[in-house]
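# Fold and contact review
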Amino acid sequence: MTPQPEERQQSGSTSTDRAPGPDATRVLVLNSGSSSVKYQLIDMADGSRPAAGIVERIGEESSLLRHVPQDGEPRETVRRFADHGEALSAVAAELAADGAGLDSPRLAAIGHRVVHGGQRFTAPTVVDDEVLAEVERLVPLAPLHNPANLTGIRTARELNPALPQVAVFDTAFHTSIPEHAARYAIDVETADAHRVRRYGFHGTSHAYVSRRTARLLGRDPADVNVIVLHLGNGASASAVAGGRCVETSMGLTPLEGLVMGTRSGDLDPAVILHLHRVAGMDVDAVDELLNKRSGLVGLCGDNDMREIRRRIDAGEDDGHGGADARRAQLAFDVYVHRLRKYLGAYVAVLGRVDAVAFTAGVGENSAEVRAATVAGLEVLGLEICPERNAERSREARLVSPEYARTAVAVVPTDEELEIAAQAYRLVNG
Ligand SMILES: Nc1ncnc2c1ncn2[C@@H]1O[C@H](COP(=O)(O)OP(=O)(O)O)[C@@H](O)[C@H]1O
Ligand SMILES: CC(=O)OP(=O)(O)O
Ligand SMILES: [Mg+2]
């Protein structure tokens with residue numbers, strides 16, 4: 001639902017119709033999740049980020065907008081935002097208060113993260129009615145993500161119809177995956193009739209991190225083979241050969257592959273049939289189980305890797321005779337075991353691997369996950385230097401020893417910068 005004009009007035013922002021000025025260099029990046037919007041204003045002229053923020057708990061009793069101007073104190077608003085439209089209108093008002101509203105002549109475009117672009121969108125795309133209709137058609141393939149992305153685009157268009165809106169798709173980087181890796185081994189006619197195939201997600205991150213890793217090695221991305229492990233709330237692995245993605249762990253939807261915060265990742269498809277036939281669960285109940293009550297949270301009650309490590313470290317002193325710690329350890333072990341299987345598989349897919357890059361919340365911050373993932377894989381040329389791995393840094397860096405055959409790296413992802421850069425390139429020709 002988009003907000004009515006009077007509601008928008010109430011939130012303090014009005015719609016305008018102002019096109020970008022002659023030297024517009026800023027891009028507003030919007031990353032709309034199922035119940036949140038993250039945003040960053042990025043100036044492509046100098047790489048500065050004049051503002052950033054997040055709206056959380058959209059649609060709940062009370063939402064939180066945290067706006068962080070580059071020069072100034074963070075501002076917090078606690079208020080109910082019924083939907084992404086209301087949230088975005090409030091974000092526009094905060095930006096306007098900084099003199100950087102959606103009518104600013106310095107704004108070149110808005111870059112939207114759109115999760116599912118199907119097979120059609122292989123590159124960033126300026127949004128028009130026809131593009132919106134196609135993204136709408138893909139909603140059944142990403143029911144948690146695409147509706148929020150659509151609301152974000154529609155609201156931004158209403159706030160300033162003259163501003164270019166650019167959709168940057170999570171799936172785009174994966175459209176290079178060869179047919180034999182994208183196909184599920186099911187009846188071809190049925191699969192094609194319903195667009196059932198592996199699409200892959202987090203592509204913006206995999207693209208950015210694989211390129212950044214090549215740069216870290218001082219090499220051309222076209223000459224380098226990289227395995228990227230994007231370990232956030234959602235998690236996925238990809239195999240990138242010479243800058244092109246050839247395999248990834250997510251599939252038709254962002255449910256396949258690695259163990260995630262709340263999602264199961266891979267399982268025998270018959271588990272679903274069994275839960276339906278034997279446990280009497282309908283599809284919506286199974287959907288909810290696999291997406292929201294599985295993964296780390298399903299295994300141990302926590303989806304945050306920091307909390308899981310804290311429980312493991314507490315050991316017998318957890319107040320429950322070690323039971324809390326054992327469950328946390330099991331969740332950790334299942335998580336790492338799945339990662340190791342993918343890592344080994346992608347070595348086989350690529351043949352030669354120049355680097356393995358860890359990224360996103362867990363990959364960038366958990367030395368324990370990195371160490372456990374690579375432990376004992378010297379036979380594959382993989383090794384970690386404990387001192388380098390323990391270092392705390394926000395910079396891209398190697399954590400393998402100097403002599404290692406394959407580099408192991410920690411490379412902070414920057415999906416916002418990648419979206420801004422792609423959107424800016426597109427609108428500037
Ligand atoms: N210091 C840390 N140690 C271990 N895990 C961390 C740390 N900081 C963040 N994380 C993990 O990162 C996850 C979030 O990753 P992030 O990439 O921000 O996710 P998303 O963008 O998918 O919301 C958290 O759930 C948490 O488990
Ligand atoms: C596609 C996907 O899983 O995204 P996220 O990690 O933001 O949930
Ligand atoms: Mg993320």
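The shown structure was predicted, so the numbers you read here are calculated from the model rather than taken from an experiment. Within every chain, residues take consecutive numbers counted from 1 along the sequence as written. Going through the entries in the order they are written, you letter the chains from A and number the ligands from 1. Residues qualify for local features only when their pLDDT is at least 70, as the model is predicted, and side-chain atom pairs are given and counted only at 80 or more; totals for whole chains, interfaces and linings, by contrast, use all residues.

Attention shifts here to the site of ligand 1. Taken together, 13 residues lie near ligand 1, and G232, N233, M305, G361 and N365 sit nearest. Looking at the shell around ligand 1, the elements that each hand over two or more residues are helix 11 (305-314) and helix 13 (360-365). No other element matches helix 13, which puts four residues into the shell around ligand 1. Residues are sorted three ways: Asp, Glu, Lys and Arg are charged, Ala, Val, Leu, Ile, Met, Phe, Trp, Tyr, Cys and Pro are nonpolar, and all the rest, Gly among them, are polar. The residue inventory of the shell around ligand 1, partitioned by class, reads three nonpolar, eight polar and two charged. For each residue, a C-beta atom is positioned from the backbone; the residue is called near a molecule or strand if that atom sits within 6 Å of it. Note on conventions: DSSP H or I runs of at least 4 residues are helices, E runs of at least 2 residues are strands, and numbering of each starts at the N terminus.

Next up on the list: the pairing of strand 11 (residues 244-248). By definition, two strands form a pair when at least two bridges between them are found by DSSP. Alignment of strand 10 (residues 235-241) against strand 11, held across four bridges, turns out to be antiparallel. Along strand 11, the bridge assignment pairs A241 with R244. Between strand 10 and the antiparallel strand that follows it, strand 11, lie two residues; G242 among them carries a positive phi value of about 55 degrees.

The subject of this paragraph is the nonpolar core. V91, I227, A357 and A409 are the most contacted members of the largest nonpolar core, which totals 106 residues. Mapping this core onto the domain boundaries places at least three of its residues in each of domain 1 (24-169) and domain 2 (219-415). Filtering out sequence-adjacent residues up to four positions away, A409 remains in contact with T213, L216, A355, A357, A396, R397, L398 and V399. Throughout this description, the term nonpolar core refers to a group of buried Ala, Val, Leu, Ile, Met, Phe, Trp, Tyr and Cys residues whose C-beta atoms join them within 7 Å. The burial criterion counts other C-beta atoms lying within 10 Å of a residue's C-beta, which is placed from the backbone; the residue is buried at 20 or more, exposed at 12 or fewer, and partly exposed between these limits. Each domain's limits were defined by an automated method or a database of domain assignments. We call two residues in contact if the C-beta atoms placed from their backbones are at most 7 Å apart.

Further remarks concern the sheet that holds strand 10. Pairing is mixed across the open sheet formed by six strands, whose spatial order is 11-10-9-12-14-13. Two strands lie at the open edges of the sheet, namely strand 11 and strand 13 (397-398), each paired on one side alone. Here helix 12 (residues 323-350) sits on the sheet and contacts strand 9 (225-231), strand 10, strand 11 and strand 12 (355-359); the angle it forms with strand 10, its principal contact strand, is near 15 degrees. What counts as an axis is a line fitted to C-alpha atoms, over the stretch in contact for a helix, and the angles between N-to-C directions run from 0 to 180 degrees.

Turning next to the UniProt feature "site: Transition state stabilizer" (unreviewed entry) in the protein chain. UniProt's entry tags H202 and R263 with the feature "site: Transition state stabilizer" (unreviewed entry), counted in the numbering of this structure. Position of H202 relative to the elements: it lies in the loop between helix 6 (188-193) and helix 7 (203-216). For H202, a count of 29 C-beta atoms within 10 Å translates into the label buried. Look past the residues within four positions of H202 in its chain and what remains in contact with it is D170, H230, G234 and S236. Here R263 shows up in the loop between strand 11 and helix 8 (270-277). UniProt positions are given in the numbering used here, feature names are shortened, and annotations may be inferred rather than shown by experiment.

A few words on the UniProt feature "active site" (unreviewed entry) in the protein chain. Under the local residue numbering, the UniProt record ascribes the feature "active site" (unreviewed entry) to D170. Residue position: D170 is located in the loop between strand 8 (165-169) and helix 5 (179-182). Residue class for D170 comes out buried when judged on the 28 C-beta atoms lying within 10 Å of it.

Now for the pairing of strand 4 (residues 63-69). Alternating positions in strand 4 separate cleanly, S63, L65, H67 and P69 being buried on one face and L64, R66 and V68 remaining unburied on the opposite face. Of the strand pairs in this sheet, strand 3 (residues 51-56) and strand 4 are connected by six bridges, and their pairing is antiparallel. Its bridge partner lying in strand 4, E56 is registered against L64. Hairpin connection of strand 3 to strand 4: six residues between the antiparallel strands, including R57 at a positive phi of 60 degrees. Inspection of the sheet shows strand 4 paired to strand 5 (residues 75-79) by five bridges, in the antiparallel sense. Each residue of the ladder has a partner; that of L65, found in strand 5, is T77. In sequence, strand 4 turns back onto strand 5 through a hairpin of five residues, with G72 there showing a positive phi of about 155 degrees.

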